[in-house]
Amino acid sequence: MNKLFKLHPLFLLTGLVFIILGEALAFFVYFIVVVLHEIAHAVVAQRLGYGLNKIYLLPFGAMLDINQNFVTREDEIKVALAGPSFNFILAFLCLGLWWIFPETYAFTSFFVFCNIITGLVNLLPCYPMDGGRVLVAMLESKLKREKALKISYIFNYVFSVIFLILFFINLKFEVNISYALM
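Residues numbered from 1 in each chain as written. Predicted model: local features only at pLDDT ≥ 70, side-chain atom pairs only at ≥ 80, totals over all residues. Heavy atoms only, no water.

S.K.: Please explain the state of the cysteines as it appears in this structure.
M.R.: What makes a disulfide is a covalent bond joining the sulfur atoms belonging to two cysteines. One pass over the full model with this rule turns up zero disulfides. Lacking any disulfide linkage, Cys 94 is separated from the closest cysteine sulfur, that of Cys 114, by 11 Å. (Disulfide = S-S within 2.5 Å.)

In structure tokens:
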């Protein structure tokens, strides 16, 4: 891998599990979508003057590591929203492609689905995901950061329980690793 990317050992294990479950294509497409998502964060961060260390590929997604903390709440919000915004832009561009070249639907429909899901999931108000970062940055205008983080952590617990319940309910039909990872 390029020096820009750092691979977590469990990332490979997650990929292997997806392959064993017959979901190699899903793993590959999500990998591409997540890398593009993180590159969007990186581009906006660099344009705002922040230095980029690495992009970590984790078992549940990826994470951007910049050289310093955000100077303003507005910068943190801009960088956080860059990833989901880019996911939605990519999905929209593919929809336009379908209108012009309908035969591309068969090759890009899952890519569109992955971009929409990645964008929406990242907007959940759970820290350190993008929506949680936006929530904390907005709450910091009224509260101390520690209190804002505590509020965000409540959402983390609520959504963790929801996804765990969805995982067990879904077991009646198929194994959905994504719910378990969430």
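S.K.: Would you mind going over the pattern of salt bridges with me for this structure?
M.R.: Opposite charge on two side chains allows them to pair when their charged atoms are near. Taken as a whole and judged by the stated rule, the model has three salt bridges. A salt bridge links Arg 145 to Glu 76, with the nearest nitrogen and oxygen atoms 3.9 Å apart. Residue Arg 145 is located in helix 6 (residues 145-170), and its partner Glu 76 is located in helix 3 (residues 73-100); the two are separated by 69 residues in the primary sequence. Judged by its relative accessible area of 27%, Arg 145 is partly exposed. A relative accessible area of 6% places Glu 76 in the buried class. (Salt bridge = Lys/Arg side-chain N within 4 Å of Asp/Glu carboxyl O. Helix = DSSP H or I, 4+ residues; strand = E, 2+ residues; numbered from the N terminus. Buried < 20%, exposed > 50% of the residue type's maximum accessible area, 1.4 Å probe, protein only.)

S.K.: Explain the packing of helix 3 against helix 4 (residues 105-122) here, please?
M.R.: In helix packing, the relevant descriptors are the interaxial angle and the interaxial distance, both defined with respect to the helix axes. Where helix 3 meets helix 4, the closest approach of the two axes is 8 Å, and the angle between their N-to-C directions is 155°. It follows from the interaxial angle that helix 3 and helix 4 lie roughly antiparallel. Handedness of the crossing formed by helix 3 with helix 4: left-handed. Packed against helix 3, whose contacting residues are Pro 84, Asn 87, Phe 88, Leu 90, Ala 91, Cys 94 and Trp 98, the element helix 4 presents Tyr 105, Thr 108, Ser 109, Phe 111, Val 112, Asn 115, Ile 116, Thr 118, Gly 119, Leu 120 and Asn 122 at the interface. The residue makeup of the contact of helix 3 with helix 4, split by class, is eleven nonpolar, seven polar and no charged. (Axes fitted to C-alpha atoms, helices over the stretch in contact; angles between N-to-C directions. Parallel < 35°, antiparallel > 145°, perpendicular 65-115°, else oblique. Left-handed = near helix turned anticlockwise from the far one by under 90°. Contact = heavy atoms within 4.5 Å. Nonpolar A, V, L, I, M, F, W, Y, C, P; charged D, E, K, R; others polar.)

S.K.: Could you clarify how one ought to interpret unusual backbone geometry in this entry?
M.R.: Phi is mostly negative for residues that are not glycine, and the peptide bonds are mostly trans. That bond from Tyr 127 to Pro 128 is cis: its omega, 15°, falls within 30 degrees of zero. Residue placement: Pro 128 occurs in the loop between helix 4 and helix 5 (130-139).

Just distances and angles here, no functional claims.
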